[in-house]
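Listed here are the chains, written in short residue letters.
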Amino acid sequence: MAYTYDTENIFAKIIRGEIPCDKVLETEHTLAFRDIAPQAPQHVLVIPKGPYVNYDHFAAEASEEEVVDFVRAVGEVCRTLGIAPGDGGMGYRLINNAGEAGVQEVPHMHVHVLSGRRLGRMLPKAD
Ligand code: AMP
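As a starting point, this report considers the structure included with it. (Residues numbered from 1 in each chain as written. Predicted model: local features only at pLDDT ≥ 70, side-chain atom pairs only at ≥ 80, totals over all residues. Heavy atoms only, no water.)

### Let's talk about the pattern of salt bridges
Under the criterion given, the structure shown has five salt bridges. In this structure, glutamate 8 engages arginine 16 in a salt bridge whose closest nitrogen and oxygen atoms are separated by 3.6 Å. By relative accessible area, which is 40% here, arginine 16 ends up partly exposed. Ionic contacts of the salt-bridge type, sharing partners, join the residues Glu8, Arg16 and Glu18 into one network. (Salt bridge = Lys/Arg side-chain N within 4 Å of Asp/Glu carboxyl O. Buried < 20%, exposed > 50% of the residue type's maximum accessible area, 1.4 Å probe, protein only.)

### So, the sheet that holds strand β5 (residues 111–115)
Here five strands make up an open sheet; going across it, the order is β1-β2-β3-β5-β4 and the pairing antiparallel. Edge strands, defined here as strands with exactly one partner in the open sheet, are β1 (23–26) and β4 (93–95). Averaged over all adjacent pairs, the angle separating strand axes in this sheet is 20 degrees, with direction ignored. Pairing of strand β2 (residues 30–34) with strand β3 (residues 42–48), which is carried by five bridges, proceeds in the antiparallel orientation. (Pairing = 2+ DSSP bridges. Helix = DSSP H or I, 4+ residues; strand = E, 2+ residues; numbered from the N terminus. Axes fitted to C-alpha atoms, helices over the stretch in contact; angles between N-to-C directions.)

### Here we look at the site of the ligand
Around the ligand there are 16 residues in total, and Asp35, Asn97, Glu105, His110 and His112 lie nearest to it. Between asparagine 97 and the ligand, the recorded distance is 2.8 Å, taken from a side-chain N or O atom to an oxygen atom. With respect to the ligand, the backbone of glutamate 105 contributes an N or O atom lying 2.7 Å from an oxygen atom. A total of 510 Å² of accessible area belongs to the ligand in isolation, and the protein chains cover 85% of it. Elements supplying a minimum of two residues to the shell around the ligand: α1 (10–15) and β2. With three residues, the single largest contributor to the shell around the ligand is α1. Its residues placed into classes, the shell around the ligand shows nine nonpolar, four polar and three charged. (Near = heavy atom within 4 Å. Polar contact = N/O pair within 3.5 Å; in protein donor to acceptor, adjacent residues only side chain to side chain. Areas by Shrake-Rupley, 256 points an atom, 1.4 Å probe, with all protein chains shown as cover. Nonpolar A, V, L, I, M, F, W, Y, C, P; charged D, E, K, R; others polar.)

Printed below as a string of structure tokens:
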């Protein structure tokens, strides 16, 4: 697998505490914080603390502990935001962008948690 992690990307700086974030949740291996340019009333990013470029990199190289921690943290964020349908919440959408086709801007694995309004069609037309 040919991934080189850029240690100077903006999320790496957030993890190191070099720039601030609006934290929602932190666990041993995972951090969740509000997106700086929200695309919905609720827009939170969930990131592993480890140096993974995208989802397939994380899935291949993260430890089982990191993967479990991350998956559970995403669920915990949904419950914390009050959007989990099982708790009477309105629901949410998870998005992970990877590479050029996915229009990934920050080269550190992250899942977007979006909610707070009906989110419309899953995919808009390509720009
Ligand atoms: P993506 O296109 O999937 O790589 O999304 C990157 C996301 O990171 C975008 O939604 C940005 O608004 C968000 N973002 C960039 N810089 C920051 C930051 N300093 N704090 C919080 N979110 C950020």
